[in-house]
Amino acid sequence: MGAFRNLGDKMMSVIRGWLYYIVLALTLIPLAIALIVLYPASAALRYQLAVSWARFMLKMGEVICGMRYEFKGLENFPSDDRPLLVLAKHQSAWDIFALASLIPHKASFVYKKELHYVPVFGQGLATLQMMAIDRKKGSRAYGQFMKQGREFLKKGWWLAMFPEGTRTAPGAKTHYKSGGARFAVATGTPIVPIALNSGQCWPRNSISKTPGLITVSVGPMIKTEGRTFESVQAELVNWIEGEMHVISPELYKDRITSEFDEKA
């Protein structure tokens, strides 16, 4: 009976996943078209429309897949308009919806420019005028990020990045790229770190969606002025990985938290 129950649970997880992706597809294309049509209108309107869609997808994840969520530490976001860099753990595509929903300020995600070439979706994404980096430029891409990042901060945007560079499996040992810490130190921009465990409900490279509680924990602000990027990077990684021990102790109990990658 246990084997049949497990098989049934797996089948339901796949069905939930397909239903969720159907809703995503049926709403994403109209969203992209609306963003394109509204391009002559206010940029703030387009941004709020995208954020509203992200919140809708969070709700659909809860209703269709049983992926409940809690946001902790929201008081750690500053209440003023100071420049800020948000650096978050990355385990699934769900993270994009969560960060867009909880960051209480106009924020630009840093993403690869190649997404602009996806029909309709790419053009809609481009209307949001966030920071798209051309990764084909190799080492010059970092210089592009440094230049554009300063410009975005001057315009009043916050920046949001995933320092791991890609989605990582829950409990997996990972290395953090230091480009975000280097930028923060070079510009004197404080960092707000975020830990999350979405991968336990939304496994990477899988259709399946598993019911459960996802915790998103926002950490204390990390000051960067007058510091080395090495010390900032170590504090960032140690806080995020240390917090993973708190929100997913069964997966991180044997992990150390002091390793990080100094390569941008």
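Scope of this entry: the structure provided in the associated data block. Within each chain, residues carry numbers counting from 1 in the order of the written sequence. Thresholds applied to this predicted model are a pLDDT of at least 70 for local features of residues and 80 or more for the giving and counting of side-chain atom pairs; totals over whole chains, interfaces and linings are not thresholded and use all residues. Values reported for side chains reflect all heavy atoms of the structure, with hydrogen atoms and water molecules removed beforehand.

Remarks on the side chain of Lys89
Rules: Numbering goes from the N terminus for both helices and strands, where a helix is a DSSP run of H or I of at least four residues and a strand is a run of E of at least two. Side-chain atoms alone can form a polar contact between residues adjacent in sequence; in general such a contact is a pair of N or O atoms within 3.5 Å, and within protein one must be able to donate a hydrogen while the other accepts it.
Along the polypeptide, Lys89 turns up in the loop between β2 (85-88) and α3 (94-102). Of the polar contacts made by the side chain of Lys89, one reaches the side chain of Glu164; its length is 2.9 Å. Among the polar contacts made by the side chain of Lys89, one reaches the side chain of Glu241 at a distance of 2.7 Å.

Let's talk about a nonpolar patch on the surface
This is how the line gets drawn: Candidate patch residues must exceed 30% relative accessible area and have no salt bridge, after which like charges are joined if within 9 Å and Val, Leu, Ile, Met, Phe, Trp or Tyr side chains if within 5 Å. For the accessible areas, the method is Shrake-Rupley and the probe is 1.4 Å, while residue cover comes only from the protein chains on display. For this analysis, a salt bridge means a side-chain nitrogen from Lys or Arg found within 4 Å of a carboxyl oxygen belonging to Asp or Glu. Exposed residues in this analysis have more than 50% of their type's maximum accessible area, buried residues have under 20%, and partly exposed residues fall in between, with area computed by a 1.4 Å probe over protein chains only.
A surface patch of nonpolar side chains, amounting to about 470 Å² of accessible area, comprises Met12, Ile15, Leu19, Ile22 and Leu26. Looking at the element boundaries, Ile22 is found in helix α1 (residues 2-37). According to the relative accessible area criterion, Ile22 is partly exposed, its value standing at 44%.

A word on α3
Among the nine residues that make up α3, eight are buried, leaving the element largely enclosed by the rest of the structure. Three or more residues of α3 are buried, namely Trp94, Asp95, Phe97, Ala98, Leu99, Ala100, Ser101 and Leu102.

Describing the packing of aromatic side chains
Short version of the rule: A pair of aromatic rings is counted whenever rings of Phe, Tyr or Trp (Trp by its six-membered ring) have centres within 6.5 Å, and the orientation is called stacked for planes under 30 degrees apart, edge-to-face for over 60 and tilted otherwise. Should the NZ of a Lys or the CZ of an Arg lie within 6 Å of a ring centre and within 35 degrees of the ring normal, that charge is described as sitting over the ring.
Applying the stated rule across the entire model yields 11 aromatic pairs. Taken together through their ring pairs, the aromatic side chains of Tyr20, Tyr21 and Trp202 make up a single cluster. Just above the ring of Trp202 sits the side chain of Lys209; from NZ or CZ to the centre is 4.4 Å.

Things to note about the packing of helix α5 (residues 140-154) against helix α6 (residues 179-187)
The condition that has to hold: Angles shown run from 0 to 180 degrees and are taken between the N-to-C directions of axes, each axis being a line fitted to C-alpha atoms and, for helices, limited to the stretch in contact. Roughly parallel refers to an angle under 35 degrees, roughly antiparallel to one over 145, roughly perpendicular to one between 65 and 115, and oblique to any angle outside these ranges. Two helices that cross are described as forming a left-handed crossing if the nearer one is turned anticlockwise from the farther one by less than a right angle, and a right-handed crossing if clockwise. In this analysis, two residues are considered to be in contact whenever any of their non-hydrogen atoms come within 4.5 Å of each other. Put simply, Ala, Val, Leu, Ile, Met, Phe, Trp, Tyr, Cys and Pro go in the nonpolar bin, Asp, Glu, Lys and Arg in the charged bin, and everything else, Gly too, in the polar bin.
The contact between α5 and α6 brings their axes to 11 Å, and the two run at 50°. With respect to their mutual orientation, α5 and α6 come out oblique. Judged by the twist between their axes, the crossing of α5 over α6 is right-handed. On α6, the residues that touch Tyr142, Phe145, Met146, Gly149, Arg150 and Leu153 of α5 are Gly179, Arg182, Phe183, Ala186 and Thr187. Looking at the contact of α5 with α6 residue by residue, the class counts come to six nonpolar, three polar and two charged.

Considerations on the sheet that holds strand β3 (residues 107-112)
For clarity, the cut-off: Each pair of strands is called paired provided DSSP finds at least two bridges between the two strands.
Read from one edge to the other, the open sheet built from seven strands follows the order β1-β7-β6-β2-β5-β3-β4, with strand pairing classed as mixed. The strands lining the two open edges of the sheet, one partner per strand, are β1 (67-72) and β4 (131-133). Recorded for the sheet is a direction-independent mean angle of 20° between the axes of neighbouring strands. Bridging between β1 and strand β7 (residues 212-218) involves six bridges; their strand directions are parallel. Each residue of the ladder has a partner; that of Phe71, found in β7, is Val216. The strands touched by α6 are β2, β5 (158-161) and β6 (191-196); relative to β2, the strand with the most contacts, the crossing angle is about 160°. Sitting on the sheet, helix α7 (residues 229-247) is in contact with β1, β2, β6 and β7, with an inclination near 30° to β6.

A closer look at the nonpolar core
How we decide: Note on terminology: a nonpolar core comprises buried Ala, Val, Leu, Ile, Met, Phe, Trp, Tyr and Cys residues joined through side-chain atoms within 4.5 Å.
Phe77, Phe97, Ile103 and Ile194 are the most contacted members of the largest nonpolar core, which totals 70 residues. For this core, the element with the most residues is helix α2 (residues 43-65), which contributes nine residues. Residues within four places of Phe97 in sequence aside, it is in contact with Tyr20, Leu24, Trp53, Ala54, Met57, Leu58 and Trp202.

A closer look at α2
Applied cut-off: Here the expected length of a helix is defined as 1.5 Å per residue gap, with one fewer gap than residues.
Counted at 1.5 Å a residue, the expected span for α2 with its 23 residues is 33 Å, and the 32 Å between its end C-alpha atoms agrees. Within the span of α2, buried status applies to Arg46, Tyr47, Ala50, Val51, Trp53, Ala54, Met57, Leu58, Met60, Gly61 and Cys65. If you check the start of α2, you find a side-chain oxygen 3.1 Å away from the backbone N of Ala44, and it comes from Ser42. Positive backbone phi, approximately 75°, marks Gly66, located one or two places after α2.

Points about the environment of Val37
Summarising the element assignment, Val37 is placed in helix α1. Taking the C-alpha atoms as reference points, Val37 and Asn238, 201 residues apart in sequence, are found 44 Å from one another.

Honestly, that's just the spatial picture; any functional story needs more than this.
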